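# Analysis of the macromolecular model
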Amino acid sequence: MGVKLLLEKAHVEGIRHYDVYRREGGYRSVEKVLKTMSPDAVTEEVKKAGLRGRGGAGFPAGMKWSFLAKPEGIPRHLVCNADESEPGTFKDRYLMEFLPHLLIEGLIVASYALGSNATYIYIRGEYAWITDILENAIAEAKANGWLGNNIQGSGFNCEIYVQRGAGAYICGEETALIESLEGKRGNPRIKPPFPAVKGVWDRPTVVNNVETLAAVVPIINMGGDEYAKIGVGKSTGTKLISACGNINKPGVYEIDMTISVEEFIYSDEYCGGIKDGKKLKACIPGGSSVPILPANLLLKTAKGETRYMNYESLSDGGFATGSMMGSGGFIVLDEDQCVVKNTYTLARFYRHESCGQCSPCREGTGWMEKILKAIETGKGKMSDIDLLWDIQRKIEGNTICPLGDAAAWPVAAAIRHFRDEFEWHVKNPQECLTRNYGLAHYADPIHVPV
Ligand SMILES: Cc1cc2nc3c(=O)[nH]c(=O)nc-3n(C[C@H](O)[C@H](O)[C@H](O)COP(=O)(O)O)c2cc1C
Ligand code: SF4
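Reference entry: report on the structure contained in this document. (Residues numbered from 1 in each chain as written. Chains lettered and ligands numbered in written order. Predicted model: local features only at pLDDT ≥ 70, side-chain atom pairs only at ≥ 80, totals over all residues. Heavy atoms only, no water.)

## Brief notes about the site of ligand 2
- Taken together, 13 residues sit near ligand 2, with Cys355, Gln357, Cys358, Cys361 and Cys401 positioned nearest.
- Considering only residue class, the shell around ligand 2 consists of eight nonpolar, five polar and no charged. (Near = heavy atom within 4 Å. Nonpolar A, V, L, I, M, F, W, Y, C, P; charged D, E, K, R; others polar.)

## What to know about the sheet that holds strand E9 (residues 280-284)
- Strands sit in the order E8-E7-E11-E9-E10 across an open sheet of five strands; the sheet is mixed. Each edge of the open sheet carries a strand with a single partner, namely strand E8 (251-255) and strand E10 (293-294).
- Alignment of strand E7 (residues 239-245) against E8, held across five bridges, turns out to be antiparallel. Residue pairing in the sheet places Lys239 in a bridge with Ile255 of E8. (Pairing = 2+ DSSP bridges. Helix = DSSP H or I, 4+ residues; strand = E, 2+ residues; numbered from the N terminus.)

## Describing the sheet that holds strand E3 (residues 159-164)
- Strand order across the open sheet formed by four strands is E3-E2-E1-E4, with parallel pairing between neighbours. A single partner strand is all that each edge strand has here, and the edge strands are E3 and strand E4 (205-209). Each strand of the sheet is rotated relative to its neighbour by a mean of 20°, with strand direction disregarded.
- Relative to E4, strand E1 (residues 77-82) runs parallel, the two sharing five bridges. Following the sheet pairing, Leu78 is matched in E4 by Val206.
- Lying over the sheet, helix H6 (residues 100-114) contacts E1, strand E2 (118-123), E3 and E4, oriented at roughly 150° with respect to E1.
- Contacts between helix H8 (residues 174-181) and the sheet are confined to E1, E2, E3 and E4, with E2 contributing the most and set at about 105° to the helix. (Axes fitted to C-alpha atoms, helices over the stretch in contact; angles between N-to-C directions. Contact = heavy atoms within 4.5 Å.)

## Here we look at helix H3 (residues 39-49)
- Among the residues of H3, Val42, Thr43, Glu45, Val46 and Ala49 are the ones counted as buried. Along the axis of H3, the buried positions cluster into a sector of 155°, meaning they face one direction only.
- Backbone geometry just after H3 places Gly50 at a positive phi near 70°. (Buried < 20%, exposed > 50% of the residue type's maximum accessible area, 1.4 Å probe, protein only. Arc of directions from axis to C-beta.)

## Description of the environment of Ser288
- Considering the arrangement of structural elements, one finds Ser288 in the loop between E9 and E10.
- When the C-alpha atoms of Ser288 and Thr175 are compared, they prove to be 20 Å apart, with 113 residues separating the residues in sequence.
- A polar contact of 2.7 Å, which involves the side chain of Ser288, links it to the side chain of Tyr350. (Polar contact = N/O pair within 3.5 Å; in protein donor to acceptor, adjacent residues only side chain to side chain.)

## Brief notes about the environment of Glu226
- Positionally, Glu226 belongs in helix H10 (residues 224-229).
- It is 31 Å that separates the C-alpha atoms of Glu226 and Cys244, two residues lying 18 residues apart in sequence.
- For Glu226, the side chain forms a polar contact with the side chain of Lys229, separated by 2.6 Å.

## Comments concerning the pattern of salt bridges
- Enumeration over the complete set of coordinates arrives at 30 salt bridges.
- Note that Asp40 is salt-bridged to Lys70, the shortest N-O span being 3.9 Å. With a gap of 30 residues between them, Asp40 in helix H3 and Lys70 in the loop between helix H4 (61-66) and E1 connect regions that are remote in the sequence.
- Of the charged contacts, one joins Arg189 and Glu179 as a salt bridge, the two residues approaching to 2.7 Å between their closest N and O atoms. With a gap of ten residues between them, Arg189 in the loop between H8 and E4 and Glu179 in helix H8 connect regions that are remote in the sequence.
- We classify Glu179 as buried; its relative accessible area is 14%. (Salt bridge = Lys/Arg side-chain N within 4 Å of Asp/Glu carboxyl O.)

## Here we look at a nonpolar patch on the surface
- Nonpolar side chains collect at one region of the surface, where Phe59, Met63 and Phe67 lie side by side and expose about 290 Å² of accessible area between them.
- Here Met63 lies in helix H4.
- The partly exposed category is assigned to Met63, whose relative accessible area is 38%. (Patch = residues over 30% accessible without salt bridge, like charges linked within 9 Å, V, L, I, M, F, W, Y side chains within 5 Å. Areas by Shrake-Rupley, 256 points an atom, 1.4 Å probe, with all protein chains shown as cover.)

Shown next, in the form of structure tokens:
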């Protein structure tokens, strides 16, 4: 059984409510920081812990906090990114639904460190029932003196406000989120300036993911150095993984980042193996934006070493033979799944979610969808595969925000690793309508793409 820092109490009856949460040791970290630590000391502890942002990019949280501008007389804000709209990712939902006070506790500690007296949770609109859970928990925390003015007699004031989004994936991108929070259309901003200098209402702002902010609680309770001993390398602490697809036990798991991908998929403690005894074909290990990997490159790196569930190992080999931890949305595909169809489904999503500001993303996502649809439905040409490759290359790195990259990477990886499957669709326009290509060589001993 791995270490549990976040979900340890998730199954305690009534933990969603203040009394039970407090009885189980809740809000100790707030007491500790308000009584014994300066705001900068809290940031130092998060730095020592090596906590990397859990929203996708893995940027060190303590470093981000230390970049926050502190001009005299200008309010600063902490914004919790609870937009969680990346297909395959549902770990923040679990945290907020079952442990709302853990998030609020983390938010108070982080608000204290950053000097935010007005802190926001921006939550995806579809999580309507969780908004109610959070608002109840905020009211309970306030009634018990953990929010409001002069918290626990410390002189620190903090309010937390919940703002619902309206169903746009792009509002998870931090600057689009900020625009939306300000009541405008959620279009990403050109950076610089970064939110640390000009964020909400042009004030210095830190945007962090739900899980990142919840992890601040165990860091303060146990100390940054102890936290950093869990995990491996720069993958410190624990990580929540939302596992879905063709597995026996879909769900949210907390891992300590030392386990192998093979153990995560096949052990009963986690995914419990592939459903119906089928074979593993491929996996998107970090949410829909990260490169898909065939089974052989997922379980072992191109060097033939075991691949582990951590930031470094999942990205070993770069995009040529590796992928990314991303947001921890682990999507498993069995031997009966069609990679072309899967890529087409993702392309539809990205075309729909593009905000349309940049032409490579606006036009490119539309073209990728059209071409993938043609190939999937037996109407594609061989040259379409190269055309697709060309389009994704023209999007990547040429847009205002990373949604363009997020749309390009799945297409690039699918062609890189599964080109024969695309070619089979073109050569077998009738057969591909009724049958899938199957496993081919994807589970054979390492096949390194060129
Ligand atoms: C299109 C797009 C969607 C995103 N959606 C989310 C999201 O739902 N939740 C999230 O935490 N970060 C999301 N991000 C990343 C955020 O921009 C930002 O990097 C993150 O909230 C920072 O938090 P962290 O440092 O704690 O990881 C998204 C980025 C892009 C480009
Ligand atoms: S990359 Fe796409 S989503 Fe991002 S700003 Fe440009 S058009 Fe909008």
